[in-house]
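Notes for the structure review
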There are 2 protein chains.
Amino acid sequence: MKKLINKVDSIVDEMLDGMTAAYPQYVKRLEGLNVLVRAKGATPKVALVSGGGSGHEPSHGGFVGRGMLDGAVAGEVFTSPTPDQVYEAVKAVNGGKGVLLVIKNYTGDVMNFEMAEEMAADEGITVEHVIVADDVAVENSTWTTGRRGIAGTVLVHKIAGACAESGAELSEVKRVAEKVIANVRSMGMAVNACTVPAAGKPSFELAGDEVEIGIGIHGEPGTHREKISDVNNIADKLLEKIFAEGIYAKGDEVAVLVNGMGGTPLMELLVANKHVKAVVEGRGLKVAKTIVGNYMTSLDMEGFSVTLLKLDDELKKYLDAPADTPAFVQF
Amino acid sequence: MKKLINKVDSIVDEMLDGMTAAYPQYVKRLEGLNVLVRAKGATPKVALVSGGGSGHEPSHGGFVGRGMLDGAVAGEVFTSPTPDQVYEAVKAVNGGKGVLLVIKNYTGDVMNFEMAEEMAADEGITVEHVIVADDVAVENSTWTTGRRGIAGTVLVHKIAGACAESGAELSEVKRVAEKVIANVRSMGMAVNACTVPAAGKPSFELAGDEVEIGIGIHGEPGTHREKISDVNNIADKLLEKIFAEGIYAKGDEVAVLVNGMGGTPLMELLVANKHVKAVVEGRGLKVAKTIVGNYMTSLDMEGFSVTLLKLDDELKKYLDAPADTPAFVQF
């Protein structure tokens, strides 16, 4: 294993300190905790908290800032954060209007975030949660009951975050987050597996001419392996499964996220995006906004995912609203 | 070779179309050319044009937009753009106040950009150029006479771009660009080599426990190979050589860029940044701004570079000025 790290045990700790060292204008770390919150502290609005295992950077700490998250909780690599850490995040960001937890659908995450919600409720803090399960690849997985939450989660952060920033009540922010969740679908693939530092070797081995389709963001298996082909052909397969959901129709406006898995050069993501846009437009939809880059990664995995979000005027307004975070800035 | 591409011959073409497909609000492509310019066309200010071989995405097309570049010219992978393409870029962005070319110091780039400058001068367009040579690793290289231009170039785009946006004259923008160049130094390393698509195999082979120190951004050799060690130790070596330049002293304010080579996870860059900041501050300097991420890449190379820029009030003002481009946005 060749990684740019010091000790395996201290990666998450050093990563979080590296984030606050880089972006003190955006984030600060709660002392003794793996929690990043806005540098300026709690604000009198509905607060958003997300998080999960580490290894998905810039998710989720990179999205803490104006117009997106108020707090992000980092577990160990690919490991759910503990309930007490989530609870501390909730307490720190609560500005009196309640807190919305944005949870990716993994069994451990759901359990621990819900426990934190109960702990906070016992303290009189109003907390609600939404669960993102945008990955159409598999219906259940080694890590989940139901579908997995992957890159579409970033669009929940963006849109629900803008809604919260606008001064909306908790019920309204939750409604908007759930609307995103109902309209967002993703699917990914891998050219090469990731190496979990503590394991020291790739999560799986692909042959020199093989790719894995329907991969998750933890190196967990996809739907199948196949011979590598043109990226256009690969993107077609991902999009076909997304369109099979039946929620994207001719005339719809969509947002597109072409997400890198961490080790994929931007050049390749851009090549993929050319075709993704052509296919989406070829089906009679309009691409209102595109985001290309590393947003929900899987350590050093090489591969990408495609996310489509059907927009209405409300979602579009919040998607286009300003955001100012380490990893996503928009005027 | 497993890459997310279609045909090797069409990568640059599809990458550029993928960029305009993603960011039509920022960039448009000059018809039949590998040139991206601002979507809104030429503006009545000094225009900045940069570029070079492709494979360094988001450089340079990703920095076309308000507060940074006006045009970016893309050669084939790791190949200088031809003079006629640079010339067309200059013509397209010229708003009447002249054009500054920002050239990375590679023999081919310097020759072709200077030829374009002459062609434009023949047409009555005032063009000046600056040459970035920030890489302290080697004094001459297989690709250059003198030092190579690497990630520090992005800071030239940012600061000279903000100066141009402020309405400054060409001589002033050039002076500011040269001040950045005089005060910026970088050095990089690689954990794994990149694979040039047309070659189909890695540019060099490193053993499973080896890294290359002082690497360039084209897979060209560094200063030496050594056994991989803690990233803190590696960062120390890069910083030591940068500090040996003698231009950064106690009490100075600096900007830090921890740049990924394309295949390096953000988690690892953040771990590196924690130490970089500690070392810089340990020497009595103040880190006024940090940027961490993939800005000047080398295809799928895994590794990183560290850049320091000594700031004065003028450079700081322009560094902090707003920017709105596909790959760098700042309020």
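Let me begin by describing the structure that accompanies this report.

A word on the sheet that holds strand 2 (residues 35-38) of chain A
Remark on secondary structure: sheet strands pair via backbone hydrogen bonds, oriented parallel or antiparallel. Residues and elements named next belong to chain A. Ordered by their spatial adjacency, six strands build an open sheet running 1-2-4-3-5-6, and the pairing between neighbours is mixed. Bordering the open sheet on either side are strand 1 (27-29) and strand 6 (127-132), each of which pairs with just one other strand. Taking each pair of neighbouring strands and ignoring which way they run, the sheet shows an average axis angle of 25 degrees. Note: strand 5 (residues 99-104) against strand 6, six bridges, orientation parallel. Its bridge partner being in strand 6, Val99 is matched across the sheet by Val127. Sheet strands touched by helix 5 (residues 170-183): strand 3 (47-54), strand 5 and strand 6. Its angle to strand 6, the strand with the most contacts, is close to 5 degrees.

Remarks on the environment of Met187 of chain B
All names here are of chain B. Position of Met187 relative to the elements: it lies in strand 7 (residues 184-192). A relative accessible area of 3% places Met187 in the buried class. Taking C-alpha positions, Met187 is 8.3 Å from Ile150, a pair spaced 37 residues apart along the chain.

Notes on the side chain of Thr195 of chain B
Residue and element names in this part refer to chain B. With respect to the helices, strands and loops of the structure, Thr195 is situated in the loop between strand 7 and strand 8 (210-213). Thr195 gets classed as buried once you look at its relative accessible area, which sits at 9%. If we skip the residues at most four places from it in the chain, Thr195 touches Met1, Lys3, Gly200, Lys201, Pro202, Leu299 and Asp300.

Observations regarding the interface of chain B and chain A
Residue-level contacts link 61 residues of chain B with 61 residues of chain A. Between chain B and chain A, roughly 5000 Å² of surface is buried when both sides are summed, and carbon and sulfur atoms account for 63% of that area. When the buried area of chain B at its contact with chain A is split by residue, Lys2, Leu4 and Phe331 of chain B rank highest and sum to 20% of it. In this assembly, chain B and chain A are joined by four salt bridges. A salt bridge links Lys3 of chain B to Glu268 of chain A; its shortest N-O distance comes to 3.9 Å.

Notes on the packing of helix 4 (residues 152-165) of chain A against helix 8 (residues 313-320) of chain A
Residue and element names in this part refer to chain A. One can describe the packing of helix 4 onto helix 8 by two numbers: an axis separation of 8 Å at closest approach and a directional angle of 95 degrees. By the angle between their axes, helix 4 is roughly perpendicular relative to helix 8. Side by side, helix 4 and helix 8 meet where Leu155, Lys158, Ile159, Ala162 and Cys163 of the first sit next to Leu315, Tyr318 and Leu319 of the second. Tallied by class, the residues present in the contact of helix 4 with helix 8 amount to seven nonpolar, no polar and one charged.

A look at the relation of the copies chain B and chain A
Once chain B has been moved 0.0 Å along the axis and rotated by 180 degrees, it coincides with chain A to within an RMSD of 0.0 Å. A rotation of that kind, with that shift, is consistent with a two-fold axis. The C-alpha atom lying nearest the rotation axis in chain B is that of Gly263 of chain B; the distance is 2.0 Å.

Re the packing of helix 1 (residues 11-22) of chain A against helix 7 (residues 266-282) of chain B
Running from amino to carboxyl end, helix 1 of chain A crosses helix 7 of chain B at an angle of 65 degrees, the nearest separation of the two axes being 7 Å. Of the possible angle classes, the one that applies to helix 1 of chain A and helix 7 of chain B is roughly perpendicular. When the axes of helix 1 of chain A and helix 7 of chain B are compared, the crossing they make is left-handed. Taking contact as the criterion, the partners of Ile11, Asp13, Glu14, Met15, Asp17, Gly18, Met19, Ala21 and Ala22 of chain A in helix 1 of chain A are, on helix 7 of chain B, Met267, Leu270, Val271, Asn273, Lys274 and Lys277 of chain B. For the contact of helix 1 of chain A with helix 7 of chain B, a count of residues per class yields eight nonpolar, two polar and five charged.

Concerning the pattern of salt bridges
The full count for this structure, using the stated rule, is 56 salt bridges over all chains. Of the charged contacts in the structure, one is a salt bridge between Glu281 of chain A and Lys277 of chain A, with a shortest N-O distance of 3.7 Å. Here the residue Glu281 of chain A and the residue Lys277 of chain A both occupy positions in helix 7 (residues 266-282), the gap between them amounting to four residues, near one helical turn. For Lys286 of chain B, the salt bridge identified is with Glu253 of chain B, shortest N-O distance 3.4 Å. With Lys286 of chain B in strand 11 (residues 286-293) and Glu253 of chain B in strand 10 (residues 253-260), this residue pair connects regions lying 33 residues apart in the sequence. When its relative accessible area of 48% is taken as the criterion, Lys286 of chain B is described as partly exposed. We classify Glu253 of chain B as buried; its relative accessible area is 19%. A single salt-bridge network, built from bridges that share partners, covers Glu172, Arg175, Lys179, Asp312 and Glu314 of chain A.

Some points on the sheet that holds strand 12 (residues 302-311) of chain B
Residue and element names in this part refer to chain B. Across the sheet, which stays open at both edges, the six strands sit in the order 9-8-7-12-10-11 with mixed pairing between neighbours. Each of the sheet's edge strands pairs with one partner strand only, and the pair in question is strand 9 (224-227) and strand 11. Each adjacent strand pair in this sheet contributes to an overall mean axis angle of 20 degrees, direction not counted. Of the strand pairs in this sheet, strand 10 and strand 11 are connected by seven bridges, and their pairing is parallel. Across the sheet, Val254 pairs through a bridge with Val287, a residue of strand 11. Running over the sheet, helix 4 (residues 152-165) touches strand 7, strand 11 and strand 12 and is turned about 45 degrees from strand 12. Its contacts with the sheet put helix 5 (residues 170-183) on strand 7 and strand 12, and the angle it makes with strand 7 is roughly 55 degrees.

Overview of helix 7 of chain B
Residues and elements named next belong to chain B. Here helix 7 spans 24 Å end to end across 17 residues, near enough to the 24 Å set by a 1.5 Å rise per residue. With 12 of 17 residues buried, helix 7 lies mostly within the body of the structure. The set of residues buried in helix 7 consists of Met267, Glu268, Leu269, Leu270, Val271, Ala272, Asn273, His275, Val276, Lys277, Val279 and Val280. Looking one or two residues past helix 7, Gly284 carries a phi angle of roughly 90 degrees, positive in sign.

The rules behind the values
- Residues numbered from 1 in each chain as written.
- Chains lettered and ligands numbered in written order.
- Predicted model: local features only at pLDDT ≥ 70, side-chain atom pairs only at ≥ 80, totals over all residues.
- Heavy atoms only, no water.
- Pairing = 2+ DSSP bridges.
- Helix = DSSP H or I, 4+ residues; strand = E, 2+ residues; numbered from the N terminus.
- Axes fitted to C-alpha atoms, helices over the stretch in contact; angles between N-to-C directions.
- Contact = heavy atoms within 4.5 Å.
- Buried < 20%, exposed > 50% of the residue type's maximum accessible area, 1.4 Å probe, protein only.
- Buried area = accessible area lost by both parts, 1.4 Å probe.
- Salt bridge = Lys/Arg side-chain N within 4 Å of Asp/Glu carboxyl O.
- Parallel < 35°, antiparallel > 145°, perpendicular 65-115°, else oblique.
- Nonpolar A, V, L, I, M, F, W, Y, C, P; charged D, E, K, R; others polar.
- Least-squares fit on C-alpha atoms with pLDDT ≥ 70 in both.
- Left-handed = near helix turned anticlockwise from the far one by under 90°.
- Expected span 1.5 Å × (residues − 1).

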